[in-house]
Amino acid sequence: MSDSDTILHMDGITKTFGQVTALSQVNLSVERGEIHAICGENGAGKSTLMNVLSGVYPYGSYTGTISFDGKTCKYRNIKDSEADGIVIIHQELALSPYLSVAENIFIGNEQAKGGVIDWNATRSEAKRLMERVGLPDDPDTKIMDMGVGKQQLVEIAKALSKNVKLLILDEPTAALNDEDSAHLLSLVRQLRDEHGVTCIIITHKLNEVAQIADNVTIIRDGSTVGTMFVTKETPLDQDELIRKMVGRPLTNLYPDHPANKPGPEYFRIEDWTVHHPLDSSRVVVDHANIEARSGEIVGLAGLMGAGRTELAMSVFGRSYGSGISGSVYIKGKKVNLPNVQAAIDAGLAYATEDRKVYGLNLLQNIRENASMASLKRMSKNGVMDDNEEVKEVEKYRREFRIKCRDIDEGVDTLSGGNQQKVVLSKWVIADPDILILDEPTRGIDVGAKYEIYEIIDQLADAGKAVIVISSELPELIGICDRIYTVSQGVITDNVDKNGFTQEYLMKGMTKEKEVAVS
């Protein structure tokens, strides 16, 4: 390729934070009009590199050179990069929930005449951009009234309003269902094919990389370790990509873990029914019956909105729902769990799918987060036993291989995979009998996923009953001993390991509402 075909050169990029080197001599070349994937484990430096490119980390805070569209770049902030047509959409969307779609699209880029916003122009131009991204909603719709999939499209419409030349998407489908993910990837192709928009996509979903990427750059431990070119004739070799990402071959994406012989029943719910917290006429969980035994890993498979998370949260101290009825049994004894503390005291733990909002306190360090659910147990006469806290947290820091300087490091500095390990540490230290893990590997890379699976296996081997909620069927098939399928709040099937196929499970996940099965 000639230089005129290359829209972006990043050469010898090095970025440090104190004594920690986040990027070391990283090189990246992106051709004009291609979809370029950047892959690597959590903490490899992918997002840091994009923050350097977009001016989040300004010129002078790193070494190396950036050339975009034929000119050398010295961006001081995001406005500088956006003026050149570089727009980044972060995993955590930067939208105001209380403003309309039109207002969000043009925030900071208002359609104004003589210093006064032209609302007619704002709405009509927003409508045009929304149609371009396949968003049929009214421009006056508030962001808070839209699903995450549509919010992603609003972010892309916002990027198009800035005459984007290079669109950077950081984990764009991490929180999307299959249908929304497919639509988003189709839109990215359309922007490339019809409008010449170059795209960089950071994703852990290797099947998406195989589907959409023209080229792949792999970053490991802050350094570029290779590139892979993808064509119809030479499709992506996912095994080779994984090897380059993690520096070792993963012959299997899931640990070889023989099923334990199920022990005594640890957890059972009977006739569990939950109504929506704001609309009491709407049934979210409908007469569900589930059990889990000591040493068992049990999956909950369902499409987005099936009621899996709502079921888990309603059982865990009634932290979701209204008009809840049914019975909960722990170790054969019927229990009443009116609040979260009662659930913890009864031996139940729930690791939320949203680790940054509900799972962790990002203002605290690893030690404080990991001991959070065990304050009562670690205290003597109402005073925290600091030695016990340090001993317990340090033990699981080593066992779970949490990459950090020490346990007093802030959790906000950790990669997604290491943050997830802190969440698991928090609940394992609390020593529950039953752990409900909601999307435990969402948004983390294949290497970190493998380590999480090993931790789940260890928990089962220690005699815990583990319930895993996941939107990835291959994941549930790879780690579970049994899987319940959920559709429209109803448990539709209870499938043993020898019946695990994606096709069979999908039938249960899409089954129309009938009578629940126990």
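What counts, and at which threshold
Residues numbered from 1 in each chain as written. Predicted model: local features only at pLDDT ≥ 70, side-chain atom pairs only at ≥ 80, totals over all residues. Heavy atoms only, no water. 1 Å grid on protein atoms, 1.4 Å probe; cavity = no way out; pocket = protein on both sides within 12 Å on 5 of 7 lines; lining within 4 Å. Points joined across faces, edges and corners; volume = space filled by probe spheres on them. Helix = DSSP H or I, 4+ residues; strand = E, 2+ residues; numbered from the N terminus. Domains from an automatic or database assignment. Pairing = 2+ DSSP bridges. Contact = heavy atoms within 4.5 Å. Axes fitted to C-alpha atoms, helices over the stretch in contact; angles between N-to-C directions. Buried < 20%, exposed > 50% of the residue type's maximum accessible area, 1.4 Å probe, protein only. Phe/Tyr/Trp six-rings, centres within 6.5 Å; stacked < 30°, edge-to-face > 60°. Lys NZ or Arg CZ within 6 Å of the ring centre and 35° of its normal.

**Student:** Help me out: how do you make sense of the layout of surface pockets in this one?
**Tutor:** Any space left empty among the atoms is revealed by the rolling of a water-sized probe across them. Approximately 990 Å³ is the volume attributed to the second largest pocket. Forming the boundary of the second largest pocket are 41 residues, of which Asp178, Lys205, Asn207, Ser471 and Glu472 lie nearest the centre. Where the lining of the second largest pocket is concerned, the elements lending two or more residues are α6 (178-195), α7 (206-212), α8 (238-246), α16 (446-461), α17 (473-479) and α18 (502-509). At 5 residues, the largest contribution of residues to the lining of the second largest pocket is made by α6. Lining the lining of the second largest pocket are residues from two domains, each supplying at least three of them: domain 1 (1-85 + 164-251) and domain 3 (252-347 + 433-517).

**Student:** Is there a simple way to explain the sheet that holds strand β5 (residues 71-72) in this structure?
**Tutor:** Strands pair in a sheet through their backbones, by hydrogen bonds, and they do so in one of two ways: parallel or antiparallel. An order of β2-β1-β4-β5 is seen for the 4 strands of this open sheet, with the pairing classed as antiparallel. Here the strands that pair on one side only, and so sit at the sheet edges, are β2 (20-31) and β5. Across the sheet, helix α1 (residues 46-54) is in contact with β1 (6-17), β2 and β4 (63-68); its angle to β1 comes to roughly 115°.

**Student:** Got a minute to help me understand unusual backbone geometry in this structure?
**Tutor:** Positioned with a positive phi, Asp69 is a non-glycine residue whose angle comes to about 55°. Along the chain, the position of Asp69 falls in the loop between β4 and β5. Of note in this structure, Glu171 is not a glycine but carries a positive phi near 50°. Assignment of secondary structure puts Glu171 in the loop between β9 (166-170) and α6.

**Student:** What exactly am I supposed to notice about the environment of Gly295 here?
**Tutor:** Relative to the helices and strands, Gly295 is located in the loop between β14 (283-293) and β15 (297-302). Given the relative accessible area of 4%, Gly295 is considered buried. Spatially, the C-alpha atoms of Gly295 and Ala259 are 8.4 Å apart, while their sequence positions differ by 36 residues. In contact with Gly295, other than residues within four places in its own chain, are Asn260, Ala460, Gly463, Lys464, Ala465 and Asp481.

**Student:** Would you take a moment to explain the packing of aromatic side chains for this structure?
**Tutor:** Pairs of aromatic rings are described using the distance from one ring centre to the other and the angle between the two planes. Summed over all chains, the structure comprises 6 aromatic pairs. Here Tyr59 and Tyr62 contribute two aromatic rings whose centre-to-centre distance is 6.2 Å and whose plane-to-plane angle is 80°, an arrangement assigned as edge-to-face. The interplanar angle of 55° and the centroid separation of 5.4 Å between the aromatic rings of Tyr396 and Phe400 together place this pair among those described as tilted. Since its relative accessible area comes to 3%, Phe400 is described here as buried. Taken together, Phe316, Tyr350 and Trp427 form an aromatic cluster joined through their ring pairs. Over the face of the ring belonging to Tyr57 we find Lys15, whose NZ or CZ atom lies 4.8 Å from the ring centre. In this arrangement the basic side chain of Lys331 is found over the ring face of Tyr266, its NZ or CZ atom lying 4.9 Å from the centre.

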